[in-house]
Amino acid sequence: MVPESIYDPDFPDISDFRSGRGCHFALRRIKEEWGTSRWFLKFDIRKSFHTIDRHRLIPILKEEIDDPKFFDSIQRVF
């Protein structure tokens, strides 16, 4: 919730990754913008999180977030 409250306003209003949006929102937008499509590609990126370089991510997050408990949680995730 902490990163979402800070970074969500930075996403464009049309972004499908903002809170309260998801696949159905994205599909509706695709239909509105491009009409009907014959196929879609779906990617599952959950298994990619282990590739995130925490030594680069943590300093970036610390520029906006000053919450030691949050960073303790992040360290446990990694």
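For the structure, see preceding data.
Worth saying up front: this structure is predicted, and the values here are computed from it rather than measured.

**Points about the nonpolar core**
Core analysis: the largest hydrophobic core is formed by six residues, namely I58, L61, I65, F70, F71 and I74. Of all elements in the fold, only α3 (54-62) and α4 (68-77) reach the threshold of two or more residues within this core. The element contributing the most residues to this core is α4, with three residues. Excluding its chain neighbours within four sequence positions, the residues that come into contact with F71 are I58, L61, K62 and I65.

**Describing the packing of aromatic side chains**
For the structure shown, the criterion picks out one aromatic pair. Ring centres of F70 and F71 lie 5.1 Å apart, and the angle between their planes is 80°; on these two criteria the pair is classed as edge-to-face. Among the residues examined, F70 registers a relative accessible area of 12% and is labelled buried. Across from the ring centre of F71, 5.3 Å away, lies the NZ or CZ of K62, which sits over that ring.

**Structural notes on helix α2 (residues 23-34)**
Every α-helical turn comprises 3.6 residues, leaving residues that sit three or four positions apart pointing alike. Spanning 12 residues, α2 covers 16 Å between terminal C-alpha atoms, matching the ideal 16 Å at 1.5 Å per step. Taken residue by residue, α2 has A26, R29 and I30 as its buried positions. Taken around the axis of α2, the buried residues stretch over an arc of 105°, which confines them to a single face. Pointing more than 90 degrees away from the buried face of α2 are the exposed residues H24, K31 and E32. Just beyond α2, the residue with positive phi is G35, at close to 80°.

**Some details on a nonpolar patch on the surface**
Residues W39, L41, F43, I45, F49, I52, V77 and F78 make up a contiguous nonpolar surface patch of about 940 Å² in total accessible area. Topologically, F43 is positioned in the loop between α2 and α3. What makes F43 exposed here is its relative accessible area of 66%.

**A word on the environment of E64**
Inspection of the secondary structure puts E64 in the loop between α3 and α4. Sequence separation of E64 and I6 is 58 residues, and the distance between their C-alpha atoms is 7.6 Å. What E64 contacts, discounting residues up to four positions off in sequence, is I6 and Y7.

Basis of the calculations
- Along each chain, the written sequence defines residue order, and numbers are assigned to residues from 1.
- Whole-chain, interface and lining totals are the exception, using all residues; otherwise, since this is a predicted model, local features are given only for residues with pLDDT of at least 70 and side-chain atom pairs are given and counted only at 80 or more.
- For side-chain calculations, the full set of non-hydrogen atoms in the structure is used, while hydrogens and water are omitted.
- In this text, buried Ala, Val, Leu, Ile, Met, Phe, Trp, Tyr and Cys residues form a nonpolar core when linked through side-chain atoms within 4.5 Å.
- Here's how the labels work: a residue is buried when its accessible area is under 20% of the maximum for its type, exposed when over 50%, partly exposed in between, all with a 1.4 Å probe on protein chains only.
- Numbered from the N terminus, helices here are DSSP runs of H or I no shorter than four residues, and strands are runs of E no shorter than two.
- In this description, contact between two residues means that some pair of their heavy atoms is separated by no more than 4.5 Å.
- Aromatic pairs are defined between Phe, Tyr and Trp rings, using the six-membered ring for Trp, whenever the two ring centres lie within 6.5 Å; interplanar angles under 30 degrees are classed as stacked, those over 60 as edge-to-face, and all others as tilted.
- Geometrically, a lysine NZ or arginine CZ counts as sitting over a ring once it is within 6 Å of the ring centre and also within 35 degrees of the ring normal.
- By this rule the span expected of a helix is its residue count minus one, scaled by 1.5 Å.
- Here the arc refers to the set of directions running from the helix axis out to each C-beta atom.
- Surface patches are drawn from residues lacking salt bridges whose relative accessible area is over 30%; two like charges belong together within 9 Å, two nonpolar side chains (Val, Leu, Ile, Met, Phe, Trp, Tyr) within 5 Å.
- Methods summary: accessible areas were calculated by the Shrake-Rupley approach with a probe of 1.4 Å, and residue burial reflects only the protein chains presented.
- What makes a salt bridge here is a side-chain nitrogen of Lys or Arg within 4 Å of a carboxyl oxygen of Asp or Glu, nothing more.

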